[in-house]
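Summary of the model geometry
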Amino acid sequence: MSSLAEPSASRAPSRSPARSPGPPRCGGERRSYAADADADPGTAQESQFKSVDLNHVIKLLEEPNSSNLERQLKILKKVVKRFENGLPLKDLAQIFEILNLCAEKLTEQQAFIEPVCELIKLCGLPFQKNKLSDEVSYSLTVSKSIAQLGYQPTSPNYKIQMAELGGLAETLVLSLALVENQLPEKLWVLKALQYLSSSGVNCRLMLKAQAASRLCVRLNDSDPSGQLIFRSSEILWNLLESTSKEEVVNQLSSLECVHALKEVFVYLLMHGFRNYDRQLRNDLLVIATLVAENPAAPMIESGFTKQLIVLATFTEVKIPNPLVKGLKLTYSYEDFELKKLLFNVIGVLSKDPCAAQLLSENDVMPALLYYVKPNQKPGFHDWSAAQYEELQLHAIAILASVAPLLLDKYLSCQANTLLLLFLEWCIGQDPFFSQGNSFHGTGGRGSKLAQMRYSLRVLRSVVSVCDDAVNLNLCDQGAISQLLDILQYAANKSKEKEDAILLEIQADILFILSTLCENDLHRKELFGYEGVDILIPFMQMDPNKLYSGLGHSRLLFSALDCLWSCVIGCYIAEDSFLEKQGIFLLLDLLALKQKNLCNIILGILLEFCDNPKTTSHISTWRGEKDQTAANLLIQLWRQEELELGVRRDQYGRIVDMKRPIVSSFQKQQEVISMPANCPSFAIVEIAENIRAKLYSLLCKLGFENLPGLSAKDFVTLAIIRRYLDFKTGEVWSELCAELKEEFRPVTSDEEALKVISEVSEDVGGMVAALQTEMLESQQHQELREEEKAYTKIHSIHKQREMVNKSWENFLTRTSNYEALKKAKRLQEKSIEASRSKSKSQNVAVHSTDIKGLGTTIGSGRLVTVESTPPHLVGGPLADTDVALRKLSVHGGALKKIKRVKILDSFKKNSISVK
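Since the structure is predicted, the reported quantities are computational estimates derived from the model, not experimental observations. (Residues numbered from 1 in each chain as written. Predicted model: local features only at pLDDT ≥ 70, side-chain atom pairs only at ≥ 80, totals over all residues. Heavy atoms only, no water.)

All right, on to a negative patch on the surface then. A surface patch of like charges, here negative, comprises Glu-782, Glu-785, Glu-786 and Glu-787. With respect to the element layout, Glu-785 can be found in helix 40 (residues 747–815). (Patch = residues over 30% accessible without salt bridge, like charges linked within 9 Å, V, L, I, M, F, W, Y side chains within 5 Å. Areas by Shrake-Rupley, 256 points an atom, 1.4 Å probe, with all protein chains shown as cover. Salt bridge = Lys/Arg side-chain N within 4 Å of Asp/Glu carboxyl O. Lys, Arg positive; Asp, Glu negative; His and termini not counted. Charge placed at Lys NZ, Arg CZ, Asp CG, Glu CD. Helix = DSSP H or I, 4+ residues; strand = E, 2+ residues; numbered from the N terminus.)

In structure tokens form, the structure reads like this:
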């Protein structure tokens, strides 16, 4: 006999139980058992559990709690233990008598909660019977006992938990098959499922029983009350929110489910007149949209796709379809939501290539282009200004998804012209105050930025297809010049206040220009000077903004891509970029050493090196601390090898002579035989890091006479210079390994391979020896410079000692007369020793003593010069009689000749000159 474990899942609040309102107590004789229920539990517990006297338990529970609470709880535990395998049918009446007594005591003693719960759990076990006739004999008792469960004071949460544990939700879903043709019973089951679906556990149980599929298939069943659709859709929503959306959608993706969804949606659309009907219709459309996202859903086969497309466009274009004949949407909020949901469905369907034909046949393109025009006054087409703007932005956003699929329709509708005119209006001075209330209008309140943003998205999605006809049509209408004007407009706006939308607009324009100008010299010339002037500020972006989260990083990459596509290859634009010191700006960005920037900047610099003027700009550049470009490139090489795990010693020299530049990842790869048209690891590795670009760029600069390099840089440069040789050796090494894996080469081939391997290893050894020689030379140079430094320091110290000694001698002479005399004698001896030993007759001999000298030190470099008479130099005294007529130089000294009279007054004016 099946058990009923769970209490009633009623929404009624919990209340204290009373015996009088509930069903009467179950009747039946009270049976006596051999042993007293209050016996001591210390011994023979198993036998005591089997001999519990239920009548004694009931009598004990009827006593007041305060007197024997501990005893009552102990006996209840024995009862639970006694019937742990199930309740006998013959004892069911007494068990529920005990349960009722415990329930009455809950209001006074919370300690009875646990025994009540344990007794209720026993009801979940199969009932026990002694005879085959027990089921019939005790049927009335069982029914009354089970009715008692509904009066137990458990909380609603507890009831839901018990329902979850018992799997009630899954059982109810399976029971729907039994009441398919019984509408009242089916609605009661759906009501219960609707209540149970508020629990995530129950939703998972329902999903396990295929609830989504079972409910959706019967959506179209007859139901005058409308509760069937309402409750089923509510349950489906709860399943989508509380369980795996993918699993729910998979259950709803059968042909029967999609067909039922279609029929119910169309019925509510055509016949629903209440606000409630419109809301339910929109809810079902959301569910249908989720189903349409599943590529396996038979939306096209069921005809639902075509119906949705027709409904989405019938107000903009006239389509002869019976579905929309006489159909007219009101301008209520629910119909406005329906219009947006239908636009959204178009976007979802555009992801399915099979739906492209239906989109084209039902004029989706002209319907969406209907909104690509300047906004009119409020009340346009009976929508409010805010509603129309929201529909407009939504339509243009969907156009970005649809346009790449329908390029023929796009061209035939002159969409490029409409978009360019619309963009011209966006940067015009026409007064327009955007509402900015919708998702698509975010950030565009009071401006036309939202309209500009989504129009540029359309152009971006169209040009990215790289269709020559579309791109040519766009350029023929002056799109490049107009896009540059819009880019300048957005850049100026961004200077006032930077936000994510303005940055996105600029990035999209740069992408469109890159796509249009790539591989077309004429379009690059149209980009020309004006484009270069606009690009330069992007290269001067503050590096700190790259991680602001607004989109500066994407904008910088778009600008670099535009530089590569629109400038390189056009000498006019290249020269303009060089004149504006663009190479310096690129090297400044490269000096940031950011991994994501280095690769693209090195590629741009390499392309620029085809212009002969570029290498001089690279060589002239100086970074922080007077860093040169060669030093920067070598530092990037070392950083790249460190990340790749290439083995080098502490001085940067080669460690592995056989495979000098192999990364740690390459060493871990096993030898795999590959077809000749598949690149090996050594070849693939070239494209996965920047070493090849660094090598090529240094080849352009030359490996000789590079300024600003240290000994460590020269050691690394020796490796870079041989990069191509080392890479060739890698390829040969892989080739040898593959050959040995597949077969044994003949003797001549084996010898040739051995010689090739030895040559590669010899190159590695030669480079290692050169590196060692460089380091030793650098060490000797450092030693010589160190010796020079020490010699200079020694001479400085010696000079200081001589000065100090001279000063000490000077102090000694001035403070000690005997020392002065001794110094005088030494001076005289020195003078005498310096005189010539041969006597000349015509040479005047001067005395070394200065008469009247009153100092205590030797004479310094002082001479006494008498004032020159004025008549020798001119002036008012030139004719005085004291003029000197002639001076004679003899023996190196000045002498006065005869008739020259020196006045004492002039002697008094003599001065000393140092």
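So, about the side chain of Gln-771. Looking at the secondary structure, you find Gln-771 in helix 40. A distance of 2.8 Å separates the side chain of Gln-771 from the backbone oxygen of Val-715, its partner in a polar contact. In this structure, Gln-771 is in contact with Gly-652, Arg-653, Ile-654, Val-715, Ala-718 and Ile-719, ignoring residues within four places of it in sequence. (Polar contact = N/O pair within 3.5 Å; in protein donor to acceptor, adjacent residues only side chain to side chain. Contact = heavy atoms within 4.5 Å.)

The general pattern is negative phi for most residues beyond glycine and trans for most peptide bonds. The backbone of Gln-414 sits at a positive phi, close to 55 degrees, despite the residue not being glycine. Looking at where Gln-414 falls in the secondary structure, it is placed in the loop between helix 22 (407–412) and helix 23 (415–426). Overall, the relative accessible area of 53% leaves Gln-414 in the exposed class. Of note, the phi angle at Lys-625 is positive, near 55 degrees, even though the residue is not glycine. Topologically, Lys-625 is positioned in the loop between helix 33 (614–620) and helix 34 (629–644). For Lys-625, a relative accessible area of 84% puts it in the exposed group. (Buried < 20%, exposed > 50% of the residue type's maximum accessible area, 1.4 Å probe, protein only.)

Attention now goes to helix 25 (residues 468–476). For helix 25, every residue scored as buried is listed here: Val-470, Asn-471, Leu-474 and Cys-475. Here the buried residues of helix 25 occupy an arc of 130 degrees about the axis, which is enough to place them on one side. Exposed positions of helix 25 whose direction lies more than 90 degrees from the buried face are Asp-468 and Asp-476. Here the buried face of helix 25 lies against helix 22, helix 23, helix 24 (449–463), helix 26 (479–496), helix 27 (500–517) and helix 28 (521–539). The distance from a side-chain oxygen at the start of helix 25 to the backbone nitrogen of Ala-469 is 3.1 Å, and the residue carrying that oxygen is Asp-467. Gly-478 occupies a position one or two residues after helix 25 and carries a positive phi of about 75 degrees. (Arc of directions from axis to C-beta.)

Residue position: Asp-53 is located in the loop between helix 1 (45–50) and helix 2 (54–61). On the basis of relative accessibility, which here comes to 11%, the residue Asp-53 falls in the buried class. Looking at Asp-53, its side chain comes within polar contact range of the main-chain nitrogen of Asn-55, at 3.1 Å.

Relative orientation of the contacting elements helix 26 and helix 27 amounts to 155 degrees, with a least axis distance of 9 Å. By the angle class used here, helix 26 and helix 27 are roughly antiparallel. The element helix 26 and its partner helix 27 pack so that their crossing is left-handed. Two secondary-structure elements touch here, helix 26 through Ile-480, Leu-483, Leu-484, Ile-486, Leu-487, Ala-490, Ala-491, Lys-493 and Ser-494 and helix 27 through Leu-502, Leu-503, Ile-505, Gln-506, Ile-509, Leu-510, Ile-512, Leu-513, Leu-516 and Cys-517. Within the contact of helix 26 with helix 27, the residues separate by chemical class into 16 nonpolar, two polar and one charged. (Axes fitted to C-alpha atoms, helices over the stretch in contact; angles between N-to-C directions. Parallel < 35°, antiparallel > 145°, perpendicular 65-115°, else oblique. Left-handed = near helix turned anticlockwise from the far one by under 90°. Nonpolar A, V, L, I, M, F, W, Y, C, P; charged D, E, K, R; others polar.)

Under the counting rule described, the total for this entry stands at twelve aromatic pairs. Consider the rings of Tyr-370 and Tyr-371, whose centres lie 5.2 Å apart with planes at 90 degrees: the pair is edge-to-face. Between Tyr-695 and Tyr-723 the ring centres are 5.4 Å apart and the planes differ by 45 degrees, which places this aromatic pair in the tilted class. Of this pair, Tyr-695 sits in helix 37 (residues 691–701) while Tyr-723 sits in helix 39 (residues 723–742); the two residues are 28 residues apart in sequence, bridging distant segments of the chain. (Phe/Tyr/Trp six-rings, centres within 6.5 Å; stacked < 30°, edge-to-face > 60°.)

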